[in-house]
Amino acid sequence: STGRLYTIPFLINNPQEIPQIIFNTISKQGAFVWFGSLIGIYYGWYQNSVDVLIGVGYIVVILLATIKRADDNKIQIRLGEKIYLFVAFILSVLFIHVGMLLNISLVVWHMVAGVQGRYLLPIIFIPFYLLGNNQIVTRKDQTRTVILLMLLLQYATVMGMLPVV
């Protein structure tokens, strides 16, 4: 059974395996690895990586981009809509992981293998969009600051990878 892939009948017949798969996937890969491969700290299967401070910088800039201007009169999303978007995000992440579990993860690994942050690109805006609220606002437009910081982080990322190339 060394080379067997997970299958839906296997999971139905062995539901006790599911919590172990989830726990092992989170503990061995974790959100930082997924987020790191999403923003470019980890380059897929390559062993090279960018400095963690650059990754933290990306997170800070993304959070900065969620802050609204006080005079911004855009359409507000209601709590029910936020819940709907959150559930859609969680289901999308779940389906991505189930797809990788059923296609490349061997039973002996007891985890979902091969998930990289780039698979989350189409839906990654949802949690950050949901972070926006009316309590944390600014008077100044942050667009220029966000763009400048992103350019600086991109430059730092490229310069950090030059010695590897």
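First, a word on what this report is: a plain description of the structure on this page. These figures come from a predicted structure and were not determined experimentally.

This next bit is on a nonpolar patch on the surface. On the surface, a cluster of nonpolar side chains totalling about 850 Å² of accessible area is made up of Leu79, Ile83, Phe86, Val87, Ile90, Leu91, Leu94, Phe95 and Val98. Within the secondary structure, Leu91 sits in helix H5 (residues 79–103). Taking relative accessible area as the criterion, Leu91 reaches 39% and is therefore assigned partly exposed.

To continue, consider the packing of aromatic side chains. Considering all chains together, one arrives at one aromatic pair under this definition. When the centroid spacing of 5.6 Å and the interplanar angle of 65 degrees are considered together, the rings of Tyr6 and Phe10 count as edge-to-face. Across this residue pair, the class does not change: Tyr6 and Phe10 are buried.

Taking 1.5 Å of rise per residue, 12 residues should cover 16 Å, and helix H2 (residues 17–28) covers 16 Å from first to last C-alpha, within 8% of that figure. If you check which residues of H2 are buried, you get Glu17, Ile21, Asn24 and Thr25. Buried residues along H2 cover an arc of 100 degrees about the axis, so they all sit on one side. Set apart from the buried face of H2 by more than 90 degrees, the exposed residues are Pro19, Phe23 and Ile26. Backbone geometry just after H2 places Gly30 at a positive phi near 70 degrees.

Under the counting rule described, the total for this entry stands at one salt bridge. The salt bridge partner of Arg78 is Glu81, with a shortest N-O separation of 3.3 Å. Residue classification places Arg78 among the exposed residues on the basis of a relative accessible area of 58%.

A few words on the environment of Ile77. Take Ile77: it is sitting in the loop between strand S1 (68–69) and H5. Ile77 sits in the partly exposed class, given a relative accessible area of 22%. Spatially, the C-alpha atom of Ile77 lies 8.9 Å from that of Leu130, the residues being 53 residues apart in sequence. Ignoring sequence-local partners within four residues, the contact set of Ile77 consists of Lys82, Leu85, Tyr129 and Leu130.

Parameters at a glance
Residues numbered from 1 in each chain as written. Predicted model: local features only at pLDDT ≥ 70, side-chain atom pairs only at ≥ 80, totals over all residues. Heavy atoms only, no water. Patch = residues over 30% accessible without salt bridge, like charges linked within 9 Å, V, L, I, M, F, W, Y side chains within 5 Å. Areas by Shrake-Rupley, 256 points an atom, 1.4 Å probe, with all protein chains shown as cover. Salt bridge = Lys/Arg side-chain N within 4 Å of Asp/Glu carboxyl O. Helix = DSSP H or I, 4+ residues; strand = E, 2+ residues; numbered from the N terminus. Buried < 20%, exposed > 50% of the residue type's maximum accessible area, 1.4 Å probe, protein only. Phe/Tyr/Trp six-rings, centres within 6.5 Å; stacked < 30°, edge-to-face > 60°. Expected span 1.5 Å × (residues − 1). Arc of directions from axis to C-beta. Contact = heavy atoms within 4.5 Å.

Any functional reading would require information that these geometric values do not contain.
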